[in-house]
Amino acid sequence: MKPKPYQLLIFDWDGTLIDSAAHIVACIHRVNAKVGLAPRTDAEIRNIIGLGLEEAFQHLFPQAQYALIQAAAHEYKQQFFLHNRKPSEFFTGARETLEHLAEQGYWLAIATGKSRQGLNQVLAETQLTALFPITRCADETFSKPHPRMLEEILVDYDLPASAALMIGDTEYDLQMAHNIKMDAAGVSYGVHGSERLLALAPRVCLDDIRELPIWLDNLAKS
């Protein structure tokens, strides 16, 4: 098998692999109305996608009492899980890209702002549980951009940060990687645009997830 520039590829979920922003925004609008928080714009809500639930609501409502933040986070889970919903779809080529990378011998992991319940559900829905033996969620460790998720994944795989690449669509993903001195790749089609991502100096900023294997192959050759 040809040499690889990284042994481990760590993916964000929402906005990187799954086109779920519209569903998340709609859920938060319903939550705010239900618990009595002031409305926020779609753009303001999209900006916090990727953070843990409590951290997201704290960012949206920095003056709110913690009890109200907790209530909002709880209500979000109700909205997300109990309401009938169509599962969010993969970005074009994302599933095939993951399967191709696994076939090439890359180890895959997930570091996400989703809850453990939420990630387990979507992995089951998409039948990708076996592809990601190691995952970390915001409700079982520190939220992004704290690097604890990545630290724990590296321990589980017994790898140094230099052997891994973080792939994500937000500043939080790239900052998390920077905080542990791990290389990162941004994707510009998610919730934070390329200008914001490039300001954090990722190794590459991709406009299409299908470009990732090509970039990795070229990196290996160089």
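One structure accompanies this document, and this report is about it. (Residues numbered from 1 in each chain as written. Predicted model: local features only at pLDDT ≥ 70, side-chain atom pairs only at ≥ 80, totals over all residues. Heavy atoms only, no water.)

### Re the overall build of the protein chain
- Along the protein chain, the regular secondary structure elements total ten helices and eight strands.
- Against the 2.2 N^0.38 benchmark of 17 Å for 222 residues, the protein chain shows a C-alpha radius of gyration of 17 Å, consistent with a compact globule.
- Along the first, second and third principal axes, the C-alpha atoms of the protein chain reach 55 × 35 × 30 Å.
- The buried share among the 222 residues of the protein chain stands at 54%.
- Counting every atom, the protein chain has about 10,300 Å² of accessible surface; 51% of that belongs to carbon and sulfur. (Helix = DSSP H or I, 4+ residues; strand = E, 2+ residues; numbered from the N terminus. Rg over C-alpha atoms; globule rule 2.2 N^0.38 Å. Buried < 20%, exposed > 50% of the residue type's maximum accessible area, 1.4 Å probe, protein only. Areas by Shrake-Rupley, 256 points an atom, 1.4 Å probe, with all protein chains shown as cover.)

### A short note on empty space enclosed by the protein
- Taken as a whole, this structure holds two cavities of 30 Å³ or more when the rule is applied.
- One number sums up the size of the largest cavity: a volume of about 260 Å³.
- Around the largest cavity sit 19 residues that line it, and Asp14, Leu53, Tyr76, Gly113 and Lys114 are the ones nearest its centre.
- Secondary-structure elements contributing two or more residues to the lining of the largest cavity are helix H1 (21-35), helix H3 (53-60) and helix H4 (66-82).
- With four residues, the top contributor of residues to the lining of the largest cavity is H4.
- A class-by-class count of the residues in the lining of the largest cavity yields ten nonpolar, five polar and four charged. (1 Å grid on protein atoms, 1.4 Å probe; cavity = no way out; pocket = protein on both sides within 12 Å on 5 of 7 lines; lining within 4 Å. Points joined across faces, edges and corners; volume = space filled by probe spheres on them. Nonpolar A, V, L, I, M, F, W, Y, C, P; charged D, E, K, R; others polar.)

### As for unusual backbone geometry
- Cis geometry is found at the peptide bond from lysine 144 to proline 145, where omega equals 5 degrees.
- Among the structural elements, proline 145 can be located in the loop between strand E5 (134-137) and helix H7 (148-157).

### Some thoughts on the pattern of salt bridges
- Throughout the structure, instances matching the rule amount to twelve salt bridges.
- Note that aspartate 12 and lysine 144 form a salt bridge whose closest N and O atoms lie 2.9 Å from each other. You can see aspartate 12 sitting in the loop between strand E1 (8-11) and strand E2 (18-19) and its partner lysine 144 sitting in the loop between E5 and H7, a full 132 residues away along the chain.
- Judged by relative accessible area, lysine 144 falls into the buried class, the value being 2%.
- One network of salt bridges, in which partners are shared, links Asp12, Lys144 and Asp173. (Salt bridge = Lys/Arg side-chain N within 4 Å of Asp/Glu carboxyl O.)

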